[in-house]
Amino acid sequence: MNISSLLQFESQHYQGAQTQSMIINRFVANSLRVFIEDFYQRIAPSFMLIISCRRPSPMNFYRNIMQLLYESVDIMILQLVYHNHSQPQRVAGLRLHNLLLVDSLQAFLDIEIHTYRTQTDASRYYFIFLQQRDALIPNDMQGVFDYCWRHQIINCNVMTQSSHGEVIMHTYFPYEEGQCGVVIFRQINKFLGKTWQHSVYFPPKLHNLHQCPLHVLLRPVPPFLSISGRVPGLEDRLLQELARRMNFIIRLVEQHNQSVVWTEQQVLQLLQQQRAHLAIGYMRKRVEHTTNLTAVFPHYSSRLVSCLLLNAYNMTSFDILRFPFQTITWLCVLSTFLSVSCLMLYSRQRTDRATVLLSILAVAYGQPTGASTMRLSQQVMYVNWLGFTLLIRAMYSALFYHMLRQHVHQRLPRTLEELVQGSYTAVMNRITAQDVREVSSLQGLLTNTRTIIITTELERDVLEDMELRSQQYEHQYQRIFGVLSHQTLLHVTELAHKPGAYYVLPEHVLDQQLAIFLQKDSHLLQQFDELIMSIQAVGLINYWAGQLGSERYFSSTFMYGDRRLRQPDLWAIYVIAVVLYALATLVFLWELFSARWRRSN
């Protein structure tokens, strides 16, 4: 915007100007210079300076002040805007740090600072110089502070100059002892000629809310937030800690139908309608909400994982018997047995060969043998076979016991790509599906797999749906996996006493940032951000999360009650026994028929 005409003026432009001395003007300009150098130039690379006047006299006064500022400040990066109330025009700019020069309440309202919302949720600072007659200053100042509080501008100061030349700074405090939400302003600083009386220009106003109530929207989603549970959730404790540190009372927004849990969208809509100061309860930070709501610094990173029911991947009874050795090992053992049998039978008479073969089998099974006397070479080979089978049996028994103890399963997928290629079925709630759908790298998880989206937003229902489908449709829906938060999985596992019942893929889906939501440009944002970062720094969040679910308990394979052997695990032994008995029966019948045939002949 071209403002050269604002600063290039001659003496005739001073018609109707104020007639106070140049000493007072320099005093006022010096107070602004000290403030700019001590505050704005230290915390921001630049700031916005807006001039709005309804009378010509203060306008010329501010021109003089600007000239004096330019003469006294070496470097001052700013965006200068002259607001003409008769021809209003919006001027774009980053309005985070603002210096306003106005001559009345109406001139201040002409700027409409609440309409310049920034894309970020950073704190906004307004330092307002109100040049007004002494009798009108209290009323105009009250109107300025009422406006700031109405639009949740907490960092709002007003500087005034009295007729005696005193430069005083005021601000308002909305939370005082016994007065909540009442705008009461008081003097906080005074310029002494070279410096301000106090170095803090914007004093903290939210460190102590003096037991004032804050209306809260709660969305119970265990284990993050549980109102009626015996064990408070992670966000229950966080909210209580914030209330303790800021000294405010939690006043819940009542729900008409207590049996129905608010959805995330319903909670955010109520907050947008200014029904509450904040909303909490597994609220995930998203870009789409930044336009109408403000999110506090994320207090917890919830990791979405893919989990499978381990019981669906139990080994069959034949897999259990052959698990200790690989296929090549079994072939080597069989070839060794045949080789030893051939060598031992080669030098024996036909009548003794059956006895030798049974002796070799007895040694292989670890049973005593009744073999007859052998030659020295056969005894050496027999001893070698005895030592070989002893080692093989010991290794097989140890690995077999390890498998039963650790409850080894079939090969499980390790990546999301394996789930897609393995034609798995995904189960998730609608909020999780929405988050996954917004990530481009996870599009294949929804498009290339069969997806079941449950209507509820509670993640524990994902596990219940998985188990229900696995029980009802064991063969068709065996390849099922659920997508839910890792913390919920740990909590449900510990609550249901099912350690080791689920398998989590090493590759997680995505991280969800949980945050408290406030009204747009809420005055609570800065204080909440500082407190949450402080709570995170000392590890309280991780400590609370660890109390709701243990990773060690979740991965334990020794405490799950469903680890006993069942009849299906023994079917292979039954089949082998039946086959051997059937073979023995056939041999017996063959011998019987052979003996009768020889007698008849």
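Residues numbered from 1 in each chain as written. Predicted model: local features only at pLDDT ≥ 70, side-chain atom pairs only at ≥ 80, totals over all residues. Heavy atoms only, no water.

Participant: Looking at this structure, I do not really get the sheet that holds strand β11 (residues 293–295). What am I missing?
Facilitator: The strands that make up a sheet are held in pairs by hydrogen bonds between backbone atoms, and each pair lies either parallel or antiparallel. Sheet architecture is open: five strands sit in the order β9-β8-β10-β18-β11, paired in mixed fashion. Each having just a single partner strand, β9 (248–252) and β11 make up the two edges of the open sheet. Averaged over all neighbouring strand pairs, the angle between strand axes comes to 35 degrees, with direction disregarded. Relative to strand β10 (residues 278–280), strand β8 (residues 212–218) runs parallel, the two being bridged by three bridges. From the neighbouring strand, L217 faces β10, where its bridge partner is A279. (Pairing = 2+ DSSP bridges. Helix = DSSP H or I, 4+ residues; strand = E, 2+ residues; numbered from the N terminus. Axes fitted to C-alpha atoms, helices over the stretch in contact; angles between N-to-C directions.)

Participant: Help me understand empty space enclosed by the protein, please; the structure alone is not making it clear to me.
Facilitator: Any empty space left between the atoms is revealed when a probe the size of a water molecule rolls over them. For the structure shown, the criterion picks out three cavities of 30 Å³ or more. A122, S123, R124, D521 and S522 are the residues nearest the centre of the largest cavity, which is lined by 13 residues in total. Here the residues of the lining of the largest cavity are counted per class, giving four nonpolar, six polar and three charged. (1 Å grid on protein atoms, 1.4 Å probe; cavity = no way out; pocket = protein on both sides within 12 Å on 5 of 7 lines; lining within 4 Å. Points joined across faces, edges and corners; volume = space filled by probe spheres on them. Nonpolar A, V, L, I, M, F, W, Y, C, P; charged D, E, K, R; others polar.)

Participant: Which parts of the structure should I look at to understand unusual backbone geometry?
Facilitator: Most peptide bonds take the trans configuration, and most residues that are not glycine carry a negative phi. Residue P223 is bonded to the preceding P222 through a cis peptide linkage, with omega at 0 degrees. Inspection of the secondary structure puts P223 in the loop between β8 and α6 (234–246). One non-glycine residue, Q152, lies in positive phi territory at about 55 degrees. Take Q152: it is sitting in the loop between α5 (137–150) and β5 (155–161). Residue class for Q152 comes out buried when judged on its relative accessible area of 14%. (Buried < 20%, exposed > 50% of the residue type's maximum accessible area, 1.4 Å probe, protein only.)

Participant: How should the state of the cysteines be read in this particular structure?
Facilitator: Cysteine pairs can be linked by a disulfide, which is a covalent bond between their two sulfur atoms. Under the definition given, this model contains two disulfides. Paired by a disulfide, C148 and C156 hold their sulfur atoms 2.3 Å apart. Handedness of the C148-C156 disulfide follows from its S-S torsion of about 45 degrees: it is right-handed. C156 carries the same exposure label as C148, and that label is buried. Between the sulfur atoms of C180 and its disulfide partner C212 the distance amounts to 2.0 Å. Where C180 bonds to C212 through sulfur, the torsion about that S-S bond is close to -85 degrees, and the disulfide is left-handed. With C180 in strand β7 (residues 179–190) and C212 in strand β8, this pair connects stretches of sequence that are 32 residues apart. Since its relative accessible area comes to 38%, C180 is described here as partly exposed. (Disulfide = S-S within 2.5 Å.)

Participant: Please explain the sheet that holds β7 as it appears in this structure.
Facilitator: Sheet architecture is open: seven strands sit in the order β2-β1-β3-β4-β5-β6-β7, paired in mixed fashion. Across the chains shown, the open sheet's two edge strands, defined by having one partner strand only, are β2 (78–83) and β7. Taking the axes of each pair of neighbouring strands and ignoring which way they run, one obtains an average angle of 20 degrees across the sheet. As defined by bridge partners, strand β1 (residues 47–52) adjoins strand β3 (residues 97–102) across five bridges and the pair is classed as parallel. Within β3, the position partnered with L49 by the bridge is L99. Where helix α3 (residues 56–72) meets the sheet, its contacts fall on β1, β2, β3, β4 (125–130) and β5, and the angle it forms with β1 comes to roughly 150 degrees. (Contact = heavy atoms within 4.5 Å.)

Participant: Just checking my understanding: could you explain the packing of helix α2 (residues 22–43) against α3 for this structure?
Facilitator: The angle between the axes and the distance between the axes are what describe a pair of packed helices. Interaxial distance between α2 and α3 falls to 9 Å at its minimum, and their mutual angle equals 60 degrees. Relative to α3, α2 is oriented oblique. In the packing of α2 onto α3, the handedness of the crossing is right-handed. On the side of α2, the interface is formed by M22, N25, R26, V28, A29, L32 and R33, while α3 contributes F61, N64, I65, L68, L69, E71 and S72. (Parallel < 35°, antiparallel > 145°, perpendicular 65-115°, else oblique. Left-handed = near helix turned anticlockwise from the far one by under 90°.)

Participant: Got a minute to help me understand the side chain of D103 in this structure?
Facilitator: Here D103 shows up in the loop between β3 and α4 (105–111). Sequence-distant contacts of D103, defined by excluding residues within four places in its chain, comprise S52, C53, R54, R55, P58, Y62, L130, Q131 and Q132.

Participant: Would you take a moment to explain the confidence of the model for the protein for this structure?
Facilitator: Fine structural detail should not be taken from predicted coordinates in areas where pLDDT scores are low. Averaged over all residues, the pLDDT of the protein equals 82, while 85% of them reach at least 70. Between residues 1–17, whose pLDDT stays under 50, and residues either more than four places distant or in other chains, the model counts 23 contacts. (pLDDT = per-residue confidence, 0-100.)

Participant: Looking at this structure, how should I read the environment of L442?
Facilitator: Within the secondary structure, L442 is located in the loop between α13 (430–437) and α14 (443–447). A relative accessible area of 8% means that L442 is categorised as buried. Measuring from C-alpha to C-alpha, the distance between L442 and V509 comes to 7.9 Å, with 67 residues separating the pair along the chain. Not counting chain neighbours up to four residues away, the residues in contact with L442 comprise L416, V436, V509 and L510.

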